[in-house]
Amino acid sequence: MHSLKLNTGHEIPVLGMGCWMGKKTDTQDNPETYEMVKKALKVGYRHLDTAYGYGNEQAVGKAVRDSEIPREEIFVTTKLTNEHHGCVEKGFQESLKALGIGYIDLYLMHWPQANDEKTGETIPYGQSPTFVETWKNMEKLLDTGKVKSIGVSNFSIKNLEVLLKEAKIVPAANQVEAHPYLPEASLSEFCKSKGIVMTAYSPLGQPHGANMSPVLTDPLVKRLAEKYSKPAGTVLLSWLIQRGNWTAVPKTATESRMKDNLAIFELDKEDFEALSKVHQEEGKLLHLCDYGQGDIAKTRKIFGWSLEDMGWDHLD
Ligand SMILES: NC(=O)c1ccc[n+]([C@@H]2O[C@H](COP(=O)([O-])OP(=O)(O)OC[C@H]3O[C@@H](n4cnc5c(N)ncnc54)[C@H](OP(=O)(O)O)[C@@H]3O)[C@@H](O)[C@H]2O)c1
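Residues numbered from 1 in each chain as written. Predicted model: local features only at pLDDT ≥ 70, side-chain atom pairs only at ≥ 80, totals over all residues. Heavy atoms only, no water.

**Q** Even after reading the chapter, I still don't get the site of the ligand, so can you show me in this structure?
**A** Near the ligand you find 29 residues, and of these Asp49, Lys251, Thr252, Thr254 and Arg257 are the closest. Within the side chain of Asn154, a nitrogen or oxygen atom sits 2.9 Å from an oxygen atom of the ligand. Contact between the ligand and Pro203: an oxygen atom at 3.4 Å from a main-chain N or O atom of the residue. Taken by itself the ligand offers 910 Å² of open surface, and the protein chains cover 89% of this. A per-class count over the shell around the ligand returns 14 nonpolar, eleven polar and four charged. (Near = heavy atom within 4 Å. Polar contact = N/O pair within 3.5 Å; in protein donor to acceptor, adjacent residues only side chain to side chain. Areas by Shrake-Rupley, 256 points an atom, 1.4 Å probe, with all protein chains shown as cover. Nonpolar A, V, L, I, M, F, W, Y, C, P; charged D, E, K, R; others polar.)

Put into structure tokens, the structure is as follows:
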């Protein structure tokens, strides 16, 4: 599997295993996560994506340790939760301890929103701790030597512009939802121009069991799957990686899908371009990730901020 070079000089494998188990796990040593990560490492994954908020950093870390693969061959991302924007060092130390793997490869600000640590209430846009203040405290973490790169997640061009005006360190990565129904083309170009690598989350449109996501069952995706004799998921992931500045972290606990999702290939130019335009068809420009917030296109809100605050009001 090939890698992209981050602006810190560290390499990030283009495909990683997503470790969000569909809900926050009941225990830190969640057995499903442990088995999934162990299997993923055996199958060949060398990039894992977890978060404090997933509740399973301990299980991810144990699977890494038990794999007997040298630590430096595995790239581990975890994320600062919204409740820890006001206590970045503490949040970081908790993740570091739960993982128990010596250091973190990439530490992301999970969301630009800060929540009050005690009440969990979202702090309104622009009020302290702002994401700029949080970022400044994340920059200090690099001095600990326990994190190789820092980055952001769910950041739009609007909020990156605010951040970059005051940042000493340019984020190494920005992790956002992306697939052909939400290509984030402008954001991708913007980040590329700043040297920020993109990571796609929910790259398969977050299918649930027998409920395939609309992007997995899109007629064009199905046609391409037939043409190349590849599963639809592999077509979606191949398209994402072929964009050049993208990595992706599909989640699957199923061994055969783990292998399918790694087996990316090159699409012919016209197929790549057709897939890059499919979102222009009526009703196909969509967030497919379920944030447990109802239909955000209707409520116009996500975790307490308006889509305008988020810079999510201009999808492309
Ligand atoms: N930064 C953020 O705010 C954020 C938000 C959401 C997600 N994430 C990260 O992104 C990762 C992936 O996103 P996600 O879990 O939301 O969605 P996803 O990867 O698009 O979809 C996961 C679902 O797809 C199924 N699946 C996997 N491969 C498949 C294939 N080849 N064909 C058909 N179905 C397949 C899995 O089922 P089985 O497991 O049953 O095989 C699982 O139910 C997360 O695990 C997490 O690490 C980050």
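On we go from here.
**Q** Could you clarify how one ought to interpret the side chain of Asn115 in this entry?
**A** Positionally, Asn115 belongs in the loop between strand 6 (104-109) and helix 4 (131-141). When its relative accessible area of 13% is taken as the criterion, Asn115 is described as buried. In terms of polar contacts, Asn115 uses its side chain to reach the backbone carbonyl oxygen of Gly120, at 3.4 Å. If near-sequence neighbours (up to four positions away) are discounted, Asn115 is found in contact with Asn82, Glu83, Gly120, Glu121, Thr122 and Ile123. (Helix = DSSP H or I, 4+ residues; strand = E, 2+ residues; numbered from the N terminus. Buried < 20%, exposed > 50% of the residue type's maximum accessible area, 1.4 Å probe, protein only. Contact = heavy atoms within 4.5 Å.)

**Q** Hey, could you run me through the packing of helix 3 (residues 88-99) against helix 4 in this one?
**A** The relative placement of two packed helices comes down to the angle between their axes together with the axis-to-axis distance. Relative orientation of the contacting elements helix 3 and helix 4 amounts to 50 degrees, with a least axis distance of 9 Å. Classified by the angle their axes make, helix 3 and helix 4 are oblique. Note on packing geometry: the crossing formed by helix 3 with helix 4 is right-handed. Residues Val88, Glu89 and Phe92 of helix 3 pack against Thr134, Asn137, Met138 and Leu141 of helix 4. Residues belonging to the contact of helix 3 with helix 4 are distributed by class as follows: four nonpolar, two polar and one charged. (Axes fitted to C-alpha atoms, helices over the stretch in contact; angles between N-to-C directions. Parallel < 35°, antiparallel > 145°, perpendicular 65-115°, else oblique. Left-handed = near helix turned anticlockwise from the far one by under 90°.)

**Q** Please explain the nonpolar core as it appears in this structure.
**A** A general tendency of soluble globular proteins is for nonpolar side chains to be buried together. Core analysis: the biggest nonpolar cluster contains 92 residues, and Leu48, Tyr107, Leu160, Leu267, Leu275 and Trp312 have the highest contact counts within it. Among the elements that take part in this core, helix 8 (residues 232-242) stands out by supplying seven residues, more than any other. Look past the residues within four positions of Leu267 in its chain and what remains in contact with it is Leu224, Tyr228, Val235, Ser238, Trp239, Gln242, Phe272 and Leu275. (Core = buried A, V, L, I, M, F, W, Y, C linked by side-chain atoms within 4.5 Å.)

**Q** Help me out: how do you make sense of the state of the cysteines in this one?
**A** Each disulfide consists of one covalent bond between the sulfur atoms belonging to two cysteines. Considering all chains together, one arrives at zero disulfides under this definition. There is no disulfide at Cys289, and the cysteine sulfur nearest it, in Cys19, is 15 Å away. (Disulfide = S-S within 2.5 Å.)

**Q** Explanation requested: the pairing of strand 8 (residues 173-177) in the structure shown.
**A** Two faces, one strand: in a regular strand the side chains alternate between the faces of the sheet. Within strand 8, five of the five residues are buried, leaving the element largely enclosed by the surrounding structure. When strand 7 (residues 147-153) meets strand 8, the two strands line up parallel, connected through two bridges. By the bridge assignment for strand 8, Ser153 is matched with Gln175. In this region the chain leaves strand 7, passes through helix 5 (residues 157-166) and returns to the parallel neighbour strand 8; the handedness of that crossover is right-handed. Sheet topology places strand 8 next to strand 9 (residues 197-201); five bridges connect them, and they run parallel. Along strand 9, the bridge assignment pairs Gln175 with Thr199. For the handedness criterion, the β-α-β arrangement of strand 8, helix 6 (residues 185-194) and strand 9 is classed as right-handed. (Pairing = 2+ DSSP bridges. Right-handed = clockwise from strand over helix to strand, strands pointing away.)

**Q** Help me understand the pairing of strand 5 (residues 75-80) in this model?
**A** With six of six residues buried, strand 5 is to be regarded as a mostly interior element. Sheet topology note: the strand 5/strand 6 ladder contains four bridges and is parallel. Looking across to strand 6, one finds that Lys79 is bridged to Leu108. Assessed by its sense of winding, the connection that carries the chain from strand 5 through helix 3 to strand 6 is right-handed.

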